[in-house]
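An overview of the molecular structure
Below, each chain spelled out in residue letters.
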Amino acid sequence: MSAVLDVKDLQVSFHTRNGVVRAVDKVSLKVEAGQTVGIVGESGSGKSVTCYSLLGLIPSPPGKIEGGSAMFGGMDLLKLPEKELQKVRGSRISMIFQDPMTSLNPFLKIGTQLVEPLRLHKGMDKAAAWKQGIEALKEVGIPEAATRMDQYPHEFSGGMRQRVMIAMALITRPELLIADEPTTALDVTIQQQVLDLIKDLQKRLGIAVVFITHDLAVVHEVCDVVNVMYAGRLVESAPAAELFAHPRHAYTRALMRSIPALQKKGEPLYTIPGLPPDLSHLPAGCSFRPRQTPDRQLLCLRDQRPPLVEVSPGHWAQACPGCVEGGILS
Amino acid sequence: MSTVLPAADSLTTPSPLPVPARAGRSLWQDAWARLRKNHLAVVCGVVLIAIVLICFIGPFLTGWNPETTNLALKASPPGTAETLTDGSVRTHLLGTDTLGRDLLTRIMRGGQVSLMVGMVATGVALLIGVAYGAAAGYLGGRTDAVMMRAVDVLYALPFMIFVILLTTMFGKSMLLMYIAIGAVEWLTMSRIVRAQVQGLARQEFVDAARSLGLSTAVILRRHIIPNVLGPVIVYATLTVPAVMLLEAALSFLGLGVQPPDSSWGTLIDDGATNMETSVWLLAWPAAFFSVTLFCLNFVGDGLRDALDVRSGKD
């Protein structure tokens, strides 16, 4: 299988008044055709910035891509001029967003917004695009699609709007879909519907998906490969089954312990102590050290950044002696 | 009575929601429905339309020429009849001014000028202000800073001195007055639009539009500007009376409309000098002017309530 997207050493920083914030620091990830790749992490771990920067969507200034490459269909997305990037966005790479309540323009008809990518990228005329829009709405399970096309966003529920967003993202049949926490703002039952929909469409259309989330339960359900991010860096990367069976990095294990369903009833819920570090003043060594237990902290790297090493075939983790359990392979 | 429980798989397959069998109602249509329920605004709107019609059609109906003087009938009270050269008799409904001209016809002609100034200058302010403010707000960063500092500088310019400067340089003309008023009024408009756009640019649908590959110009035109139109319309209806007031002030000071042309400002000026002897010369133009301003303000208020997103759905 060939990689649809191959990101190498991506570095993104934000130049703010309070100093340089290294939001993404040498992140590499690969997305194979038809695969779902998860990026997991807390708020501010750089998972969204990673994906936004691939499409040139980070606000610049203050945001700046400092280095790395992102190969997609023989092009380096990071070096593409804006004009070329506009042709890729919405036609070969699409995106869906977290909050369906604000991701549709309240003044335009659903149909008008839905067929926008078709008119823009495929140059279709209005009637043909409209017809395909109705099909697209049916595809995502919206009843009475033809009537719904003529309605406005405020006449849709949150789950319905997210379905519209998915239909809009997939209407041009892109090769890659980036889903930025698509279920976070939805009710639990609607979450399940939307996840099933994404999974189903992915299987049918054979697209690759990058799934950004902080919800490990969601990751477990949809992802083939999982990348765990912390403080702008990858701390662990492995096939989903392997990661859930043998989490190696202390942060990944802590995240798993925080899943409410896995805890004993009646006991207080587990939370990871401390806060993610300030990205403008990162400690020199292991960035998870301040949140480790004291005896572990002693073992953590202090003077250099722990490198990402292959701890077992296909399973990569940050090789900090204090954080990696079960020893380092090489 | 038995309730049918939803099947277990309805959690994973979308249940067909009851969909109203009608085409969607846009936020504009909602606002229009709300506006129609506001009786005061509707009445004021009707009165405004009536005043506009009176001003633009009226002069043909009264039969008087607003510039024909009749020194025999100087400052005669409302209802004075005049015998024309062909022997017929016609009444001056609202009397005549100090040169014996028909006051009603002059008010209508003056209204044409005042309303035109109000609308044209507001239109100019609207075009410049919206384009400028939207660009500054959306582009942000350094571009925004430079653009808004320019606005600040223009703001600091005293308006009267600016107008006096223009009139001494280019002479007194109507065109100049349009330019002067338009040049001042767009500043506030651009600030309002910029603030709105800054809020909008952070909304996800703008990100979504960018992620679909739309260019900046298209995003501004299709996604940003329609969303700021609500506040803009409200501000515009409140700008019209402000502009008319400015015009009246300029004309009152002798910097605006020049005789024999009239505007409501010059008519009120004339009336004010003669109010001790012939009070109708002040009362009638002032009445027309204030009713118009009142109505514009009430319509503006009504529009603000109708377009206010907070009073709407969601």
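What counts, and at which threshold
- Residues numbered from 1 in each chain as written.
- Chains lettered and ligands numbered in written order.
- Predicted model: local features only at pLDDT ≥ 70, side-chain atom pairs only at ≥ 80, totals over all residues.
- Heavy atoms only, no water.
- 1 Å grid on protein atoms, 1.4 Å probe; cavity = no way out; pocket = protein on both sides within 12 Å on 5 of 7 lines; lining within 4 Å.
- Points joined across faces, edges and corners; volume = space filled by probe spheres on them.
- Helix = DSSP H or I, 4+ residues; strand = E, 2+ residues; numbered from the N terminus.
- pLDDT = per-residue confidence, 0-100.
- Contact = heavy atoms within 4.5 Å.
- Buried area = accessible area lost by both parts, 1.4 Å probe.
- Salt bridge = Lys/Arg side-chain N within 4 Å of Asp/Glu carboxyl O.
- Buried < 20%, exposed > 50% of the residue type's maximum accessible area, 1.4 Å probe, protein only.

1. A closer look at the layout of surface pockets
- Roughly 1100 Å³ of volume is contained in the largest pocket.
- Those elements that place two or more of their residues in the lining of the largest pocket are α1 (47-54), β4 (63-72) and α2 (82-88) of chain A together with α3 (103-139), α4 (141-156), α6 (174-201), α7 (204-211) and α8 (216-252) of chain B.
- The dominant element in the lining of the largest pocket, judged by the number of residues it contributes, is α1 of chain A, at 5 residues.

2. Focus: the confidence of the model for chain B
Residue and element names in this part refer to chain B.
- Chain-level statistics for chain B give a pLDDT mean of 78 and a share of 86% at 70 or above.
- Taken element by element, the predicted model of chain B shows its lowest mean pLDDT in strand β1 (residues 80-83) (68) and its highest in α4 (88).
- Taken together, the stretch residues 1-16 has pLDDT below 50 and engages in 11 contacts with residues farther than four places along the chain or on a different chain.
- Low pLDDT, under 50, characterises residues 310-314; the stretch is placed with 7 contacts to residues that sit more than four places away or in other chains.

3. A look at the interface of chain A and chain B
- Between chain A and chain B, the contact holds 42 residues from the first and 35 residues from the second.
- When chain A packs against chain B, close to 3400 Å² is buried across both sides, 57% of that on carbon and sulfur atoms.
- Contact with chain B buries area across many residues of chain A, yet Phe-107, Glu-116 and His-154 of chain A alone supply 20% of it, more than any other trio.
- Where chain A packs against chain B, one counts 1 salt bridge.
- Between Arg-222 of chain B and Glu-116 of chain A there is a salt bridge, with the nearest N and O atoms lying 2.5 Å from each other.
- Only β6 (93-96), α4 (116-121), α6 (145-149), α7 (158-170) and α8 (188-205) of chain A provide two or more residues apiece to the side of chain A that touches chain B.
- Per-element tally for the side of chain A that touches chain B: the top contributor is α7 of chain A, with 5 residues.

4. Let's talk about the pattern of salt bridges
- Scanning the entire structure with this criterion turns up 19 salt bridges over all chains.
- The salt bridge involving Arg-194 of chain B is made with Asp-144 of chain B; its shortest N-O contact spans 2.6 Å. Residue Arg-194 of chain B is located in helix α6, and its partner Asp-144 of chain B is located in helix α4; the two are separated by 50 residues in the primary sequence.
- Given a relative accessible area of 22%, Arg-194 of chain B falls into the partly exposed group.
- One network of salt bridges, in which partners are shared, links Asp-25, Arg-233 and Arg-305 of chain A.

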